Amino acid sequence: MEDEKILEQLSFPFPAKALQWRVGPCNRDKTRGVALAYVDSRDYIERLNTVLGLGWEDAYTFTVVGTRIVCKCELRLHLGERSIVRTGDGDCELEDPNATTVASAQAFKRACVKFGLGAYLYALPLEWVALEGDKNIPSEVQISLNAAYKRWLETGEWIFTRAPRAPSTKPVAAPALVEDDASAPSTAPSTKPVAAPSTKPVAAPSTAPVAASAPSTKPVAAPSTVPVAASAPSTK
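Residues numbered from 1 in each chain as written. Predicted model: local features only at pLDDT ≥ 70, side-chain atom pairs only at ≥ 80, totals over all residues. Heavy atoms only, no water.

A side chain of one charge can pair with a side chain of the opposite charge when the charged atoms of the two come close. Under the definition given, this model contains six salt bridges. Here Arg82 and Asp3 are joined by a salt bridge, their closest N and O atoms 2.0 Å apart. Of this pair, Arg82 sits in strand β5 (residues 82-93) while Asp3 is found in helix α1 (residues 2-11), placing the two residues 79 residues apart along the sequence. Take Asp3: its relative accessible area is 28%, and that puts it in the partly exposed class. The residue Arg68 makes a salt bridge to Asp91 at a minimum N-O spacing of 2.5 Å. (Salt bridge = Lys/Arg side-chain N within 4 Å of Asp/Glu carboxyl O. Helix = DSSP H or I, 4+ residues; strand = E, 2+ residues; numbered from the N terminus. Buried < 20%, exposed > 50% of the residue type's maximum accessible area, 1.4 Å probe, protein only.)

This is the structure in structure tokens:
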């Protein structure tokens, strides 16, 4: 019965103030990702100290595999006359300056989960959220996630309300003004008023009939028909 009570105390959910969020799987263009809840390893240590006092210990071994460092954690709980050991492993790229810290923290928390500590975090609903910058969860989205977590702690019901994105307050640069060059021809349309077309009425063409000139009826003299005396050939 004592062991069951210890496990119950270890598995009790962390307060909302301890919860943090990181990005899990993302879509192809990295604009949306799964928000994963996690708690710092120092909160795990605090829980172990609160429940067990000095009745626990941990040990670590490290191995280099390719370009990664792999850590194994052995977490031992002293329960009366017995000691129970659970293990967990973690890894990290060697190029990370905090590689051993990252790998050991991951291994430690995975060992804790086997005693029920933090195990419930894996059962929280997975929410796809909009990302900003270098795969970061916006602050307003984290606030909504924390509100959903608090409601879950109080009622057992998870309701995540996506906060609307605030409009950008980044000032927009005004277009640059180009000084007029007096020597260059202006390309701006002229603002000089254009004279309106004259509204003076135009005289319509006359429709009076034009008298056609009748052909002259004066008789034309016929060519003369008087015979012309032909000169007789000279016999001189």
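Resuming the write-up.
This paragraph deals with the side chain of Ser41. Structurally, Ser41 is set in helix α2 (residues 41-52). Assessed through its relative accessible area of 19%, Ser41 is described here as buried.

Ranked by size, the top nonpolar core spans 43 residues in total, and within it Leu48, Leu75 and Leu77 carry the most contacts. Taken together, the elements giving at least two residues each to this core come down to α1, β1 (19-26), β2 (32-39), α2, β4 (68-79), α3 (99-113) and α4 (139-155). Those residues in contact with Leu48 that lie beyond four places of it in its chain are Leu10, Gly53, Trp56, Leu75, Leu77, Phe108, Cys112 and Leu117. (Core = buried A, V, L, I, M, F, W, Y, C linked by side-chain atoms within 4.5 Å. Contact = heavy atoms within 4.5 Å.)

Quick look at the packing of aromatic side chains now. Counted by the stated rule, this structure contains five aromatic pairs. A centroid spacing of 5.3 Å and a plane angle of 50 degrees characterise the contact between Phe14 and Tyr44, whose relative ring orientation is tilted. Of this pair, Phe14 sits in the loop between α1 and β1 while Tyr44 sits in helix α2; the two residues are 30 residues apart in sequence, bridging distant segments of the chain. Tyr44 shares its class with Phe14; the two are buried. When the centroid spacing of 6.3 Å and the interplanar angle of 35 degrees are considered together, the rings of Trp56 and Phe108 count as tilted. You can see Trp56 sitting in strand β3 (residues 56-65) and its partner Phe108 sitting in helix α3, a full 52 residues away along the chain. Look at Trp56 and you get buried, because its relative accessible area is 15%. Through successive ring pairs, a cluster of aromatic residues spans Phe14, Tyr44, Trp56 and Phe108. Here the guanidinium or amino end of Arg47 rests over the ring plane of Phe14, the centre of that ring lying 4.7 Å away. (Phe/Tyr/Trp six-rings, centres within 6.5 Å; stacked < 30°, edge-to-face > 60°. Lys NZ or Arg CZ within 6 Å of the ring centre and 35° of its normal.)

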